[in-house]
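Listed below are the residues making up each chain.
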2 protein chains.
Amino acid sequence: MNYYSDSINQLIEEMSALPGIGPKSAQRLAFHILEMPKERAERLSKSILDAKSKIRLCKECFNLSDSEVCPICADTKRDHKIIMVVEEPSDLVAYEKTGQYEGVYHVLHGAVNPMIGVQPENLKLKELLVRLTKEDVTEVIVATNSTVEGEATALWISKYVKQAGIKVTRIASGVPVGGALEYVDEMTLYRALEGRTEL
Amino acid sequence: MNYYSDSINQLIEEMSALPGIGPKSAQRLAFHILEMPKERAERLSKSILDAKSKIRLCKECFNLSDSEVCPICADTKRDHKIIMVVEEPSDLVAYEKTGQYEGVYHVLHGAVNPMIGVQPENLKLKELLVRLTKEDVTEVIVATNSTVEGEATALWISKYVKQAGIKVTRIASGVPVGGALEYVDEMTLYRALEGRTEL
């Protein structure tokens, strides 16, 4: 049985296809949109189309950008000799928010995952190697996720970057700041021990 | 500091204005939309505009509808002598999902709430009273929420419906089905006791 009009159904369906939005939330969002002033709904609708049509990938680092080269790559004050490799644009943003990193980035747009058919050639890995030959790079920091896929990708990168004679480092694994040891999993504790530094 | 391009910022801002979507979720949704195939993003954008432009209020019961009279009011198999009064269209849907109600509805679009300036005249209450004079109604079931505002609205309705000489009932308050007594608040337990029925 259908409780809604077609256009409400359509809206609920589109909403519930978004990540983290279940049928209940989709219904709530749809009703909220229907109660919105018309201009706000139009702005929401337009912002989706705008983002979609204006955003492309930076030709240097493959970050999302509305210009050919993203603001980070265009910034001459940043250290272009250090490249941090991340899986997704949101990882880049996470590191930018620390305000502590002054190098540039390279966004892979995923991690190697044969289970769902993501091979190295589906990622921006070849483009990374090309960058290393063209630019004067002294260090590649691998900041892929600490997952099986992220680690596999890190291994792949380290192999080829080392072959190019460039230093390659991996961000540290360990106990999160503010984390209580008793709630941290064994693998993380082991990594934290392995990666211990002298005080 | 701005980590995103303008059009991504705009999209994140519009998304985070939706109910239940915090800044983190808004960012995730925005990135998801950017990764979507173009057609899907266009469909999502269009569904917002469509719902907004096609949906109006049923002239009988003020449910959301894409025709002048909603499918429930247009259904001659339903009992038009019984009107259930609900606060929002989503409440109507909740009752429709039970499949147990055969009457029609009246959607108030809110509840009396002087704190935020919602007075009886801001709701579809006058329209309810007009319906009662024009239609042959034998019972009004008040299914507003079990909140202070919902109860105040229920009182208002019962006063005027009784004056019109029509039977007015209130849905039962009590322990939710499957609920364990120890987790139920005192007010609900009191109501459940008050509303006890003979076995």
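Notes on the structure in this doc start here. (Residues numbered from 1 in each chain as written. Chains lettered and ligands numbered in written order. Predicted model: local features only at pLDDT ≥ 70, side-chain atom pairs only at ≥ 80, totals over all residues. Heavy atoms only, no water.)

### Some words on the interface of chain A and chain B
Move 1: At the interface, 51 residues of chain A touch 51 residues of chain B.
Move 2: In total, about 4,700 Å² of surface goes out of reach between chain A and chain B, with carbon and sulfur atoms giving 67% of it.
Move 3: Sorting the residues of chain A by area buried against chain B places Tyr3(A), Ile48(A) and Lys52(A) first, and these three jointly supply 15% of that buried surface.
Move 4: Among the ionic pairs, Arg43(B) bridges to Glu14(A), the shortest N-O distance being 2.9 Å.
Move 5: In this structure, the connection of chain A to chain B is made through twelve residue pairs in polar contact (both at pLDDT 80 or more).
Move 6: Of all elements in the fold, only helix H1 (6–16), helix H2 (23–35), helix H3 (38–54), strand E2 (64–65) and helix H5 (89–98) of chain A reach the threshold of two or more residues within the side of chain A that touches chain B.
Move 7: In terms of residue count, H3(A) provides more of the side of chain A that touches chain B than any other element does, 14 residues in total. (Contact = heavy atoms within 4.5 Å. Buried area = accessible area lost by both parts, 1.4 Å probe. Salt bridge = Lys/Arg side-chain N within 4 Å of Asp/Glu carboxyl O. Polar contact = N/O pair within 3.5 Å; in protein donor to acceptor, adjacent residues only side chain to side chain. Helix = DSSP H or I, 4+ residues; strand = E, 2+ residues; numbered from the N terminus.)

### Some remarks on the relation of the copies chain A and chain B
Move 1: When chain A is fitted onto chain B, the two copies agree to an RMSD of 0.0 Å after a turn of 180° and an axial shift of 0.0 Å. Such a turn and shift between the copies fits a two-fold axis. Relative to the rotation axis, the C-alpha of Ser45(A) is the closest in chain A, positioned 2.3 Å from it.
Move 2: Most of the interface of chain A is mirrored in chain B, where 100% of its interface residues are also at the interface. (Least-squares fit on C-alpha atoms with pLDDT ≥ 70 in both.)

### Looking at the packing of aromatic side chains
Think of a pair of aromatic rings as described by two things: how far the centres are apart, and how the planes are tilted against each other in angle.
All names here are of chain A.
Move 1: Enumeration over the complete set of coordinates arrives at four aromatic pairs over all chains.
Move 2: Note on Trp156 and Tyr160: the rings are 4.4 Å apart at their centroids and 40° apart in plane angle, and the pair reads as tilted. Of the two residues, Trp156 and Tyr160 both sit in helix H7 (residues 148–163), four residues apart, roughly one turn of that helix.
Move 3: For Tyr160, a relative accessible area of 29% translates into the label partly exposed. (Phe/Tyr/Trp six-rings, centres within 6.5 Å; stacked < 30°, edge-to-face > 60°. Buried < 20%, exposed > 50% of the residue type's maximum accessible area, 1.4 Å probe, protein only.)

### Thoughts on the packing of helix H6 (residues 125–134) of chain A against H7(A)
Residues and elements named next belong to chain A.
Move 1: The interhelical angle for the contact between H6 and H7, taken along N-to-C directions, is 25°, at an axis separation of 11 Å. Relative to H7, the element H6 lies roughly parallel. Where H6 crosses over H7, the two elements pack in a sense that is right-handed. Residues Leu125, Leu128, Leu129 and Leu132 of H6 form the contact with H7, whose participating residues are Trp156, Ile157, Tyr160 and Val161.
Move 2: Broken down by class, the residue content of the contact of H6 with H7 amounts to eight nonpolar, no polar and no charged. (Axes fitted to C-alpha atoms, helices over the stretch in contact; angles between N-to-C directions. Parallel < 35°, antiparallel > 145°, perpendicular 65-115°, else oblique. Left-handed = near helix turned anticlockwise from the far one by under 90°. Nonpolar A, V, L, I, M, F, W, Y, C, P; charged D, E, K, R; others polar.)

### Some remarks on the sheet that holds strand E3 (residues 79–86) of chain A
Residues and elements named next belong to chain A.
Move 1: As summarised here, the arrangement of the four strands in space is E4-E3-E5-E6, forming an open sheet in which the pairing is parallel. Looking at the sheet topology across the chains shown, the edges are occupied by strand E4 (103–107) and strand E6 (167–170). Strand-to-strand, the axes of this sheet are offset by a mean angle of 25°, without reference to chain direction.
Move 2: The sheet contact formed by E3 and strand E5 (residues 139–142) spans four bridges and is parallel. Along E5, the bridge assignment pairs Ile82 with Glu139.
Move 3: The sheet contacts of H7 involve E3, E5 and E6, and relative to E6 the element is tilted by about 165°. (Pairing = 2+ DSSP bridges.)

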